[in-house]
Amino acid sequence: EMEITFNEMIDSLKENFEKQEAFVSNASHELKTPIQIIKSYAQLIERQGKSRPELLDESVGAIDSEADRMQKLVEQLLLLAKHKNENKKQEVNIREIVEQVIQTIQNAYPERRIQLDAEKGNYKIHGNLDQLKQIPYILIENALKYSETDVLVSMYSDAGKSFIQFKDFGEGIASEEQEKIFDRFYRVDRARNRETGGTGLGLAIAKEIIETHSGKITVESDVGKGSTFTWELGEKH
Ligand code: ADP
């Protein structure tokens, strides 16, 4: 009996180690790609910039957007690395942070409409403010990225539990993809998603933060109709 427990322990250590290895290897790959693209455009300018000035606009634009990508990736990697060690906890009113985040995003995308429909309820939890703010940020940015119309955020309570829902009417997610989108670096359409500037880390970060705060996240989606992400707040609040 002891032996089984010991073997199980070794297996789980091995599995953890393999996950870490896969993570580091994915992260390096994702960082190398923009570096290579930036370097090749820099070389192109160096070699042909003088004789073909029309190349400059395109190259500088590409360098800029790849640098943005890298910046976002590094920020998100730091977030994943940091959140395990951070223990600054306080009472956080999720309704307030949702309102603040909507305001910030609305200012950045004035042409889009983000609607909030909040029922009265208890949306206070004990947790880390900086981490919790990431959740509405990630889910609203995704809803905007993967749809073209309004985004609806609703907050409600049901049977003593509180929920925050993020709804879009965009491209949707096929049912076989719905579990995988929460994996680190997973993107449904890698090629197309390069254009939307995704890193594949957003939902993994949101899920980790939600779960360390004893909450749950689920998705309901229909291809071509849209997606709804539901964040159930932890019960201990
Ligand atoms: P990304 O940086 O690629 O957006 P995420 O982890 O946030 O990374 O999301 C993973 C993938 O899940 C996305 O690449 C996209 O394919 C899919 N996805 C996430 N949110 C939505 C949404 N609201 N509508 C459709 N697809 C989505």
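Shown above is the structure to which this text applies.
Residues numbered from 1 in each chain as written. Predicted model: local features only at pLDDT ≥ 70, side-chain atom pairs only at ≥ 80, totals over all residues. Heavy atoms only, no water.

A word on the overall build of the protein
Phase 1: Counting secondary structure elements, the protein contains 6 helices and 7 strands.
Phase 2: Taken from N to C terminus, the helices and strands of the protein fall in the order α-α-β-α-β-β-α-β-β-α-α-β-β.
Phase 3: Burial analysis of the protein (237 residues in total) assigns 37% to the buried set.
Phase 4: Taking as baseline every contact in the protein between residues at least 6 positions apart, the subset at least 24 positions apart corresponds to 71%.
Phase 5: When the accessible area of the protein is evaluated, it comes to approximately 14,500 Å², of which 51% is carbon and sulfur surface.
Phase 6: Between the mean site of the 32 positive side-chain charges and the mean site of the 42 negative ones, the protein shows a separation of 3 Å. (Helix = DSSP H or I, 4+ residues; strand = E, 2+ residues; numbered from the N terminus. Buried < 20%, exposed > 50% of the residue type's maximum accessible area, 1.4 Å probe, protein only. Contact = heavy atoms within 4.5 Å. Areas by Shrake-Rupley, 256 points an atom, 1.4 Å probe, with all protein chains shown as cover. Lys, Arg positive; Asp, Glu negative; His and termini not counted. Charge placed at Lys NZ, Arg CZ, Asp CG, Glu CD.)

Some thoughts on the environment of Lys 89
Phase 1: With respect to the helices and strands, Lys 89 occurs in the loop between helix H2 (54–83) and strand S1 (90–93).
Phase 2: For Lys 89, a relative accessible area of 44% puts it in the partly exposed group.
Phase 3: Ignoring sequence-local partners within four residues, the contact set of Lys 89 consists of His 126 and Gly 127.

Re the nonpolar core
Phase 1: One finds Ile 94, Leu 132, Ile 140, Ile 164, Phe 229 and Trp 231 to be the most contacted residues of the largest nonpolar core, which totals 42 residues.
Phase 2: Top contributing element to this core by residue count: helix H4 (residues 129–145), with 7 residues.
Phase 3: If sequence neighbours within four positions are ignored, Phe 229 has contacts with Leu 139, Ile 164, Gln 165, Phe 166, Ile 173, Ile 181, Phe 182, Leu 203, Ile 217, Thr 218 and Val 219. (Core = buried A, V, L, I, M, F, W, Y, C linked by side-chain atoms within 4.5 Å.)

Brief notes about helix H3 (residues 94–108)
Phase 1: An ideal rise of 1.5 Å per residue puts 21 Å on 15 residues; H3 measures up with 21 Å between its terminal C-alpha atoms.
Phase 2: Among the residues making up H3, those that are buried are Ile 94, Ile 97, Val 98, Val 101, Ile 102, Ile 105 and Gln 106. One face of H3 carries all of its buried residues, which in axial projection span an arc of 165°.
Phase 3: Where H3 begins, one side-chain oxygen reaches toward the backbone nitrogen of Arg 95, 3.0 Å away; that side chain belongs to Asn 93. (Expected span 1.5 Å × (residues − 1). Arc of directions from axis to C-beta. Polar contact = N/O pair within 3.5 Å; in protein donor to acceptor, adjacent residues only side chain to side chain.)

Observations concerning the environment of Thr 149
Phase 1: Of note, Thr 149 is situated in the loop between H4 and strand S4 (151–158).
Phase 2: Since its relative accessible area comes to 40%, Thr 149 is described here as partly exposed.
Phase 3: Taking C-alpha positions, Thr 149 is 28 Å from Ala 67, a pair spaced 82 residues apart along the chain.

Quick notes on the pairing of strand S5 (residues 161–168)
Phase 1: Taken across its 8 residues, S5 has 6 buried, putting it largely inside the fold.
Phase 2: As paired strands, S4 and S5 are joined by 7 bridges and run antiparallel to one another. Of the residues in S5, the one forming a bridge with Met 155 is Ile 164.
Phase 3: Counting the residues between successive antiparallel strands, the hairpin from S4 to S5 contains 2 residues, one of them, Ala 159, with a positive phi of roughly 50°.
Phase 4: Bridge analysis of S5 against strand S7 (residues 226–232) gives 6 bridges, and the strand direction is antiparallel. The residue bridging Phe 163 from the neighbouring strand is Glu 232, located in S7. (Pairing = 2+ DSSP bridges.)

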